[in-house]
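Letter by letter, the chains look like this.
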Amino acid sequence: MDLFHVLEYLHILGAMVLFGTGVGIAFFMYMADRSGDVALIAGTARIVVIADLVFTATAVIVQPVTGLAMVMLSGHTLDESWIVLSLALFVMVGLLWLPVVWMQNEMRKMAVAARDGGTVLPARYRRYMRLWFWMGWPAFFGVLAILYLMIEKPQVW
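Here the structure is a predicted model, which is why all the values come from computation and not from measurement.

Honestly, the pattern of salt bridges in this entry has me stumped. Any pointers?
Between side chains of opposite charge, pairing is possible as soon as their charged atoms come close. For the structure shown, the criterion picks out four salt bridges. Where arginine 126 meets aspartate 33, a salt bridge forms, and the shortest distance between an N and an O atom there is 2.7 Å. Of this pair, arginine 126 sits in helix H4 (residues 123–152) while aspartate 33 is found in helix H1 (residues 3–35), placing the two residues 93 residues apart along the sequence. What makes arginine 126 partly exposed here is its relative accessible area of 33%. With a shortest N-O distance of 2.9 Å, glutamate 106 and lysine 109 are connected by a salt bridge. Of the two residues, glutamate 106 and lysine 109 both sit in helix H3 (residues 81–117), three residues apart, roughly one turn of that helix. Several salt bridges converge on common partners, so that one network encompasses Glu106, Lys109 and Arg124.

Given below as structure tokens:
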């Protein structure tokens with residue numbers, strides 16, 4: 001396997017991890033929240049925060065590094081429309097992800113405090129959960145669009 005194919009393999013693997021972890025985290029956090037079980041929410045949020053930092057953060061680093069290396073090896077240029085759009089979407093998704101990671105950690109703390117104190121989740125938790133939920137949709141579709149652009153490499157403009 002030559003260097004380009006190693007990079008391509010790592011890039012595709014990173015995309016799978018980014019998408020799969022994102023969908024998995026969203027599913028488990030959403031389902032825990034819907035249960036209303038504060039202990040389940042606290043435990044799930046703890047795992048979600050760890051998974052996001054271990055898997056998503058790693059993929060976020062791997063994607064641009066391998067992508068840039070492949071551009072340099074393949075003869076493509078960074079000003080090709082599909083690459084420009086992919087990078088713009090990547091930045092948009094990242095700008096949505098960063099506050100989501102922070103909110104997940106805050107929701108975890110609130111759920112742990114409610115569980116340990118035998119209280120209900122505060123209204124702030126509900127506000128964060130709604131925002132977390134709605135910020136996930138453009139990020140989800142952004143990643144799908146990036147995957148499409150990576151595969152098809154269309155001339156967008």
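Still more to cover.
I'm lost on the packing of H1 against H4 in this one. Help?
For any two helices packed against each other, the geometry comes down to the angle between their axes and how far apart the axes lie. Between H1 and H4, whose axes approach to 11 Å, the crossing angle comes to 155°. Relative to H4, the element H1 lies roughly antiparallel. Pair H1 / H4 crosses with left-handed handedness. Residue-level inspection shows His11, Ala15, Phe19, Val23, Ile25, Ala26, Met29, Tyr30 and Asp33 of H1 in contact with H4, the latter providing Tyr125, Arg126, Met129, Trp132, Phe133, Phe140, Val143, Leu144, Leu147 and Met150. Grouping the constituent residues of the contact of H1 with H4 by class yields 16 nonpolar, one polar and two charged.

So what exactly am I meant to see when it comes to the packing of H1 against helix H2 (residues 38–74) here?
At a minimum axis separation of 8 Å, H1 and H2 run at an interaxial angle of 160°. In terms of orientation, H1 lies roughly antiparallel with respect to H2. In the crossing of H1 with H2, the sense of the turn from one axis to the other is left-handed. For the contact of H1 with H2, a count of residues per class yields 23 nonpolar, 10 polar and three charged.

Explain unusual backbone geometry to me, please; I cannot follow it from the model alone.
Positive phi is not limited to glycine here, since lysine 153 has a value of about 50°. Tracing the backbone through its elements, the reader meets lysine 153 in the segment after H4.

How should I be thinking about the side chain of aspartate 33 in this particular structure?
With relative accessibility at 12%, the residue aspartate 33 sits in the buried group. Residues contacting aspartate 33, with those up to four places away along its chain left out, are Ile41, Tyr125, Arg126 and Met129.

Would you mind going over the side chain of threonine 66 with me for this structure?
If you trace the backbone, threonine 66 turns up in helix H2. Its relative accessible area of 5% is what places threonine 66 among the buried residues. Of note is the side chain of threonine 66, whose polar atom sits 3.3 Å from the backbone oxygen of glutamine 63. Setting aside its immediate chain neighbours within four residues, threonine 66 contacts Leu7, Leu10 and His11.

The rules behind the values
Residues numbered from 1 in each chain as written. Predicted model: local features only at pLDDT ≥ 70, side-chain atom pairs only at ≥ 80, totals over all residues. Heavy atoms only, no water. Salt bridge = Lys/Arg side-chain N within 4 Å of Asp/Glu carboxyl O. Helix = DSSP H or I, 4+ residues; strand = E, 2+ residues; numbered from the N terminus. Buried < 20%, exposed > 50% of the residue type's maximum accessible area, 1.4 Å probe, protein only. Axes fitted to C-alpha atoms, helices over the stretch in contact; angles between N-to-C directions. Parallel < 35°, antiparallel > 145°, perpendicular 65-115°, else oblique. Left-handed = near helix turned anticlockwise from the far one by under 90°. Contact = heavy atoms within 4.5 Å. Nonpolar A, V, L, I, M, F, W, Y, C, P; charged D, E, K, R; others polar. Polar contact = N/O pair within 3.5 Å; in protein donor to acceptor, adjacent residues only side chain to side chain.

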